[in-house]
Amino acid sequence: MSSQISQSYYENLQDYIEVRRQEGAIIYPPKDEVFTAFELTPLSSIKVVILGQDPYHRKGQAHGLSFSVREGTKIPPSLRIIFKELKSDLGTEIPAKGELTQWAKNGIFLLNTALTVEQKTPGAHKGKGWETFTDKTIQYISTHKEKVVFILWGALAQKKVKLIDETKHLILKSPHPAAELYTGGKAGFFGSKPFSKANAFLDEKIDWKLC
């Protein structure tokens, strides 16, 4: 996505983030981890895209991968629900840590729609330009790759369907895992089986185990 760096919207976005830092805003993830997903899962290795929203907005959590928290950090509720579905779907053990670096290395592109956030302020950088950048990223993957699984959890992620060529990729949609927290486990995320469905579509199956 180097072509986007020279675009005016991207320059304005970076200027905005730098001004907020100078004003004292604490921004996550750290500067050198904003593009971790791109570094760990280059285009050539992408098999699955899991789309999140914001990075986590509390200290020590976000490290550049959607839904992932760095080792040593308490596993957030949404990720616990994802792990429960993983166990139900594939029979794997529920991990004791919430870091998804191994998924990223296995070809799972863990992308947020916005790549930065401010401490304790979810959505702080919404509408500042990240959505343009990540929309372009999704379109690029759709155009330049074959047989990628796009896992879209929740209404916001599912709005990105229009960016994906459904004739050559698999799109898996379900409620956001967090919805199970508010419905007593009846939202529809449980039982959606995204992991086995992804592997059934892919020529080279993903190793989803984290422990």
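The structure this text deals with has already been given above.
Quantities reported herein were computed from a predicted structural model and do not represent experimental measurements.

Participant: Explain the packing of aromatic side chains here, please?
Facilitator: Ring pairs (aromatic) are described by centroid distance and by the angle formed between their planes. Within this structure, the stated rule accounts for 15 aromatic pairs. When the centroid spacing of 5.5 Å and the interplanar angle of 75° are considered together, the rings of Phe 67 and Trp 153 count as edge-to-face. Here Phe 67, found in the loop between strand 2 (48–52) and helix 4 (77–90), pairs with Trp 153, found in strand 5 (residues 149–153); they are 86 residues apart in sequence, far enough to count as distant. There is no split in this pair, since Phe 67 and Trp 153 are both buried. Ring geometry for Trp 153 and Phe 189: centres 5.2 Å apart, planes at 85°, overall edge-to-face. Of this pair, Trp 153 sits in strand 5 while Phe 189 sits in the loop between helix 8 (179–183) and helix 9 (194–201), and the two are 36 residues apart along the sequence. For the residue pair Trp 153 and Phe 189, the accessibility class agrees, reading buried in each case. Through a chain of ring-to-ring contacts, three or more aromatic side chains come together here, namely Tyr 9, Tyr 10, Phe 35, Phe 38, Phe 109, Trp 130 and Phe 133. We note Lys 128 situated over the ring of Tyr 16; from NZ or CZ to the ring centre the distance is 4.7 Å. Note that Lys 147 overlies the ring of Phe 201, its terminal NZ or CZ placed 4.9 Å from the centroid.

Criteria and thresholds
Residues numbered from 1 in each chain as written. Predicted model: local features only at pLDDT ≥ 70, side-chain atom pairs only at ≥ 80, totals over all residues. Heavy atoms only, no water. Phe/Tyr/Trp six-rings, centres within 6.5 Å; stacked < 30°, edge-to-face > 60°. Helix = DSSP H or I, 4+ residues; strand = E, 2+ residues; numbered from the N terminus. Buried < 20%, exposed > 50% of the residue type's maximum accessible area, 1.4 Å probe, protein only. Lys NZ or Arg CZ within 6 Å of the ring centre and 35° of its normal.

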